[in-house]
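Below are the chains, spelled out letter by letter.
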Amino acid sequence: MTSILSALLCLGLSLDQRTHVQAGTLPKPTIWAEPGPVINSGTSVTIWCRGTLKAQEYRLYAGGRYLNRQKSLEPGERVKFLITGKYTERYTCNYLSPTGWSERSDSLELVVTGSYSKPSLSALPSPVVTSGGNVTLQCDSVDKFDRFILTKEGHHRLSWTVDSQQQPSGRSQALFPVGPVTPSHRWTFRCYGYFEKQPQEWSDPSDPLDLTVSGMYMEPFLSAQPGPSVAWGATVTLQCGSEIWFDTFHLHREGSLDPPQHLHPQDTSAPSQATFTLSPVTSGHQGTYRCYGSRSTSPYLLSQPSDPLKLVVSVSTPQDYTVENLIRMGVAGLILLGLGVLLFQAQNDNKGAIDAAR
């Protein structure tokens, strides 16, 4: 009896060891989220787990805790888990095969956006970058975030995280160096902010910022009508034209953080031209302008810049006559007072003369 028990124990141990060895050789499953790991607040997300064709069951874990399980779908290679409500967790999954359980997948971290107002994103010195050049992207917010995240949109979504810098104004900001910028693909960015205590709760995304790459075509020409010197409140038109065909023209003022204005010419035959109207002109329009041309087939690729055009605004603001009018009224009052004193004195002198004559 003792020998049988010992044999069974040895058999059990050997089977247990063989099961663990075989389980350890199973491929690690992969885990991903649709539509992605960054989720808008209030929306649902689907988590997929993929193992092998022989997988019989999948299990999902959140923060290391068992969350749910799904039987394999045909052909059994993957399953999906629908997540709603609170999903700012780190998720892993594993699967059961005829030889045992696989190890858990790499972790998938979900974050939710919309917890705070959106920051602003701008390019320094300009969102128009020469091919091969570098640019600095500035993410800025009224909220005192601890960190900012910059994401580059595209097939391979890239992201960078930088500690924020608190400004004397009370705002927070972060600077992201980007480059070299090449014309091989689009350069579209957004940024988010978050607090260190809630790293999986992000702000709303900033408005998208598109970097455009210049230097791909011959430069257009830029002129001002009626001229580059304009009176305050007047109207000026900046005409950008080219001898080669463009279906879009872009106008940018040097030093401005705003993206370039763009217009589509009505006549798309060469030579092409677009007219940008500035009205009414203020001191905010003063500066140096350049224009670019592009084609809709590659809207982020621009021509070389036009020659610079310096727009000068002559300031002619309404004058404030309040002080001047008060001075005039004061002088007039003194004159009237003086005349009154003289008249009174003359009347007294005449009265004294009449009394003496009597």
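Residues numbered from 1 in each chain as written. Predicted model: local features only at pLDDT ≥ 70, side-chain atom pairs only at ≥ 80, totals over all residues. Heavy atoms only, no water.

Enquirer: Account for the overall build of the chain, with residues named and values stated.
Expert: Looking only at helices and strands, the chain features two helices and 28 strands. Looking at the 358 residues of the chain, the share that counts as buried comes to 35%. The long-range fraction of contacts in the chain, counting pairs at least 24 apart against all pairs at least 6 apart in sequence, stands at 65%. Of the roughly 21,000 Å² of accessible surface on the chain, 55% is carried by carbon and sulfur atoms. (Helix = DSSP H or I, 4+ residues; strand = E, 2+ residues; numbered from the N terminus. Buried < 20%, exposed > 50% of the residue type's maximum accessible area, 1.4 Å probe, protein only. Contact = heavy atoms within 4.5 Å. Areas by Shrake-Rupley, 256 points an atom, 1.4 Å probe, with all protein chains shown as cover.)

Enquirer: Give a description of unusual backbone geometry that names residues and reports values.
Expert: For residues besides glycine, phi is generally negative; the peptide bonds are generally trans as well. Pro125 follows Leu124 through a cis peptide bond whose omega is 5 degrees. Within the fold, Pro125 resides in the loop between strand 11 (120-124) and strand 12 (128-130).

Enquirer: An account of the state of the cysteines is requested, with residue identities and associated values reported.
Expert: In the structure shown here, the tally under the stated rule is three disulfides. Shown here is the disulfide that connects Cys139 with Cys191, its sulfur atoms set 2.0 Å apart. The chirality of the disulfide connecting Cys139 with Cys191 is right-handed, given an S-S dihedral of about 75 degrees. With Cys139 in strand 13 (residues 135-141) and Cys191 in strand 18 (residues 187-194), the pair connects residues that are 52 residues apart, well separated along the chain. Accessibility classification places Cys139 together with Cys191 in one group, the buried group. What pairs with Cys240 in a disulfide is Cys291, and their sulfur atoms sit 2.0 Å apart. Taking the sign of the S-S torsion, 80 degrees for the link of Cys240 and Cys291, the bridge is right-handed. With Cys240 in strand 22 (residues 236-242) and Cys291 in strand 26 (residues 287-295), the pair connects residues that are 51 residues apart, well separated along the chain. (Disulfide = S-S within 2.5 Å.)

Enquirer: So what's going on with the environment of Pro260? Residues and values would help.
Expert: Looking at the element boundaries, Pro260 is found in the loop between strand 23 (248-253) and strand 24 (261-263). The residues contacting Pro260, other than those within four sequence positions of it, are Pro127, Val128, His250, Leu251 and His252.

Enquirer: How would you explain the packing of aromatic side chains if you had to name every residue and give the values?
Expert: Applying the stated criterion to the full structure yields 13 aromatic pairs. Residues Trp32 and Trp48 carry aromatic rings whose centres are separated by 6.2 Å and whose planes lie at 10 degrees to one another, so their mutual orientation is stacked. In this pair, Trp32 is assigned in strand 1 (residues 30-34) and Trp48 in strand 3 (residues 45-50), connecting sequence segments 16 residues apart. The class of Trp32 is partly exposed, set by a relative accessible area of 23%. Note on Tyr61 and Tyr66: the rings are 6.2 Å apart at their centroids and 70 degrees apart in plane angle, and the pair reads as edge-to-face. Here Tyr61 falls in the buried class, since its relative accessible area comes to 7%. Here Tyr66 falls in the partly exposed class, since its relative accessible area comes to 45%. Three or more aromatic residues joined by ring pairs make a cluster, and in this case those are Tyr116, Phe145, Phe148 and Phe195. We note Arg104 situated over the ring of Tyr61; from NZ or CZ to the ring centre the distance is 3.6 Å. The ring of Tyr217 carries Arg295 above its face, with NZ or CZ at 4.7 Å from the centroid. (Phe/Tyr/Trp six-rings, centres within 6.5 Å; stacked < 30°, edge-to-face > 60°. Lys NZ or Arg CZ within 6 Å of the ring centre and 35° of its normal.)

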